[in-house]
Amino acid sequence: MVDARGAAVIGPGSGWNGEYAELGAMTNFSFLEGASHPGEIAVQAKALGLAAVGVADRNTLAGMVRALMGAEEVDLPLVVGSRLTFTDGTELIVFPRDRAAWGRLCRLLSLGKSEAFSVSSPSLRDGEETRIEKAETRLTFGQAVDLGEGMIALGPAPEQPDAAFEARLAAWRRAWPDDLYLAAAPLWRGGDRARLNRLAAMAQRTGAPMIATNAVLYHHPDRRMLQDVLTCIREGTTIDKAGRRLQANAERHLKPPAQMARLFRGHEAALARTMEVARACTFSLRELSYQYPDEPVPPGYSAQGWLARLTLKGTRSRWPKETPKDIRAIILKELRLVQELNYAAYFLTVHDIVAWARSRSDPILCQGRGSAANSVICFCLGITNVDPTRQEVLIERFISSNRSEPPDIDVDFEHERREQVMQYVYDRYGRDRAAIVATIIHYRPRSAIRDVGKALGLTEDVTARMADTVWGSWGSKVDEAHVDRAGLSRDDVRLRLALDLTAELIKFPRHLSQHVGGFVLSQTPLIEIVPIGNAAMPDRTFIEWDKDDIDFLKLMKVDVLALGMLTAMKRAFRMIGAIYGRPLPDTAAVPAERRGVYRMLCKADSLGVFQVESRAQMSMLPRLRPMEFYDLVVQVAIVRPGPIQGKMVHPYLQRRLERRTYEATHGPGSYRFSMPGSARDPDELTRVLHKTLGVPLFQEQAMKIAMVAAEFSGAEANGLRRAMATFRHNGTIGNFEDKMVG
């Protein structure tokens, strides 16, 4: 309905109240097609006054968690969906109404990404026997129909809607088990008005109501050039040769409701239907109810009770004479936390995997590391052979009742036999309940400048020279100084454009890959939580979400990792057994604290010795002069960016020299150092830092200082630790300044 000036009328008489939701927006998780991050889409949609935004990337749900994060930050309703591309080239955008429909969508995408999920129903098979390749999706409309219950569908209109399209639309409308709309987007050509009228008439005849959309590819018109570059990269061509493969204009961005009203003047009902869909699709990723698998336990035991029994059994083997009183207290504290957080099954899973590896006729060497080394439970269960009591356990770093994330246990296996362990996990839980976590491969400066340069037609030698001037893989742009170092001219217009577009492309997702070994396990079918697809390697399947995504949704991960040094150790054990007749079944059987080993290390004779074979480590060994196991812990930790940038290395080495000189005269154990303390407890910091001679080197020590000196709770101290990990939580350290410093 229009007024005398031809402007759209908003109100009861028009059938449209002015609210509009952009449906089917594509993000950069439609790899090399969408030109905006999911969060940028959400923020811009809110700023433009849209009532909701629907994200539908091509054959994937990989960006949905990022879209949810962005939408929640600005309090914008998010409609989640996917743009299905069928094997005949046709497309259908689908939005699940509820949790059950989301599960069917995930199952549908999994069916298209891996033949492992084929079922007996002929309509759900694509008839092809060949393996579906990584990043490939094979789906037919018939498969979508069989699993389409509860999904609202949008059929995108082609540029030239003809009788064949109308016949297909009518057939789809009759077959689709839920509402199906005809999605109309303006082409920004002279015939848009007549085209929309034809589409409206076609919608009337087929029974598929017309719905308005702008077929969004980016959040702001400034991203049009980047979208052109992405198209060139995808098509393997240059901007000069791309021709009609590029978008005809820069209009595929989010638009405010008033502008969409002008574009669809006379078809206000198509605008109103966007809100019908947005209100009907109430599903949120927050509804995903994840349940960790129930581990089998003997009759009469709960998971918690069986974990306690196994832990008690382990204490008898670790401390044959008697378990120290302080260790018993730590074990009880850990077991209480595990029970409170309902993590018993998680620990039993890791124990089962490790026990299976060690029970082989030729046992597979394995070793827990990372946070697991700070858990006495893991030590008792045999997950790690490193005694945590020698490292001053701080359980809050590993697990806390107030932590928002599950415990993280990393277990390394012999790298040549790790695949056996991974297949055991698949076989034990099933392909539909176990899958590897994804890793999102992002553009970094080198790869970005190479791809952008090729797309803009720069010669290979120019892009190679530019890429070679970039040190490392990190950064947010390629500085102009790199142009000077490459001997190129800053005044070259195309080269300057390449630098600007490279800065935009950096951190864009390039494609999905599989995590090195992180498994997500589920009691209910995992393929109804997130799509699962084939990896490049045979017999590997992985989900579409990465570690940050599953952390956000509180999914639990079990890491089954590979370590080449364990393979080398296994071979060494065999040689020792064959030559000297001394069997060494596991790392726990290796004699500890051999003086000759430390004398060798003090001379930097460590070529080929794991963890201390680098030049930096070898130069540090004669200065630090390790004489016991804890010295090696310090040795490995001190040659890291944190202690170096924090100027902790030289003070620690100076203290070690002072102690060595003083004790040479006054006897072992006579050296003392002074630390500040409170009037209530003058030695509080001394007890925290006594093993590192008053110099903080470890995150655990920073946590203890915060708990002792600033009265942080365990959860607050863990938050401080996370803030110190700047690669994940950059800029959050200031949140703790007032309480820490005062």
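The rules behind the values
- Residues numbered from 1 in each chain as written.
- Predicted model: local features only at pLDDT ≥ 70, side-chain atom pairs only at ≥ 80, totals over all residues.
- Heavy atoms only, no water.
- Pairing = 2+ DSSP bridges.
- Helix = DSSP H or I, 4+ residues; strand = E, 2+ residues; numbered from the N terminus.
- Axes fitted to C-alpha atoms, helices over the stretch in contact; angles between N-to-C directions.
- Contact = heavy atoms within 4.5 Å.
- Polar contact = N/O pair within 3.5 Å; in protein donor to acceptor, adjacent residues only side chain to side chain.
- Buried < 20%, exposed > 50% of the residue type's maximum accessible area, 1.4 Å probe, protein only.
- Expected span 1.5 Å × (residues − 1).
- Salt bridge = Lys/Arg side-chain N within 4 Å of Asp/Glu carboxyl O.
- Right-handed = clockwise from strand over helix to strand, strands pointing away.

**Student:** Hey, could you run me through the sheet that holds strand β8 (residues 366-369) in this one?
**Tutor:** Pairing between the strands of a sheet comes from backbone hydrogen bonds, and it takes one of two forms, parallel or antiparallel. Strand order in the open sheet made by the 7 strands is β8-β9-β14-β11-β10-β13-β12, with mixed pairing throughout. One side of each edge strand has no neighbouring strand; the edge strands of this open sheet are β8 and β12 (532-534). Taken pair by pair, the neighbouring strands of this sheet meet at an average axis angle of 45°, ignoring direction. Sheet topology places β8 next to strand β9 (residues 410-414); 4 bridges connect them, and they run antiparallel. Paired with Q367 across the two strands is D412, which belongs to β9. Where helix α3 (residues 99-113) meets the sheet, its contacts fall on β12 and β13 (541-546), and the angle it forms with β12 comes to roughly 0°.

**Student:** Explain the sheet that holds strand β6 (residues 180-184) to me, please; I cannot follow it from the model alone.
**Tutor:** Ordered in space as β1-β2-β3-β4-β5-β6-β7, the 7 strands form an open sheet in which the pairing is mixed. Bordering the open sheet on either side are β1 (21-25) and β7 (210-212), each of which pairs with just one other strand. Taking the axes of each pair of neighbouring strands and ignoring which way they run, one obtains an average angle of 30° across the sheet. Across 3 bridges, the pairing between β6 and β7 is parallel.

**Student:** I tried to follow the environment of T541 on my own but got confused; where do I start?
**Tutor:** Locating T541 in the fold gives a position in strand β13. Separated by 407 residues in sequence, T541 and K134 place their C-alpha atoms 9.2 Å apart. If we skip the residues at most four places from it in the chain, T541 touches S114, Y426, R431, A434, A435, I436, I532, G533, N534 and A535. Within the local environment of T541, its side chain forms a polar contact with the side chain of R431, the two groups lying 3.5 Å apart.

**Student:** What am I meant to see in unusual backbone geometry here?
**Tutor:** For residues besides glycine, phi is generally negative; the peptide bonds are generally trans as well. Although it is not a glycine, N342 sits at a positive phi angle of roughly 60°. With respect to the helices and strands, N342 occurs in the loop between α11 (325-341) and α12 (344-358). Positive phi values are uncommon outside glycine, yet A604 reaches one of about 60°. Following the sequence through the fold, A604 ends up in the loop between α21 (595-602) and α22 (615-624).

**Student:** Could you clarify how one ought to interpret the side chain of Q143 in this entry?
**Tutor:** Tracing the sequence through the fold places Q143 in helix α4 (residues 141-146). Its relative accessible area of 1% is what places Q143 among the buried residues. There is a polar contact of 2.8 Å between the side chain of Q143 and the backbone nitrogen of T140.

**Student:** Please explain helix α10 (residues 303-318) as it appears in this structure.
**Tutor:** Side chains of residues three or four places apart in an α-helix project in the same direction, reflecting 3.6 residues per turn. Relative to the 22 Å expected for 16 residues at 1.5 Å per residue, α10 spans 22 Å between its end C-alpha atoms, a close match to the ideal helical length. Lining the buried residues of α10 we find α11, α12 and α13 (376-381).

**Student:** In this structure, what is going on with the pairing of β9? I would like to understand it.
**Tutor:** Across a regular strand the side chains alternate sides, sitting on one face of the sheet and then on the other. Extensive coverage of β9 is indicated by the burial of 5 of its 5 residues. Relative to strand β14 (residues 557-563), β9 is paired through 5 bridges, and the arrangement is parallel. Looking across to β14, one finds that D410 is bridged to D559.

**Student:** What am I meant to see in the pattern of salt bridges here?
**Tutor:** Opposite charge on two side chains permits pairing when their charged atoms draw close. Using the criterion set out here, one finds 37 salt bridges in the structure. One salt bridge connects R205 with E166, and the closest N-O pair in it is separated by 2.7 Å. Remark: E166 occurs in helix α5 (residues 163-175) and R205 occurs in helix α6 (residues 192-206); sequence separation between them is 39 residues. For R205, a relative accessible area of 54% translates into the label exposed. The salt bridge involving R428 is made with D352; its shortest N-O contact spans 3.2 Å.

**Student:** For this particular structure, what's the right way to read the pairing of strand β3 (residues 78-85)?
**Tutor:** In terms of burial, β3 is a largely internal element, 8 of the 8 residues being buried. Along β3, one buried face is formed by L78, V80, S82 and L84 and the opposite face, lined by V79, G81, R83 and T85, is buried too. Examined bridge by bridge, strand β2 (residues 52-58) and β3 share 6 bridges and lie parallel to one another. Directly across from V55, in β3, lies its bridge partner V80. Taken together, β2, helix α2 (residues 64-74) and β3 form a β-α-β motif whose crossover is right-handed. Sheet analysis places β3 next to strand β4 (residues 91-96), joined by 4 bridges and oriented antiparallel. Paired with R83 across the bridge in β4 is I93. Here β3 hands over to β4 after 5 residues, with G89 in that stretch at a positive phi of 90°.

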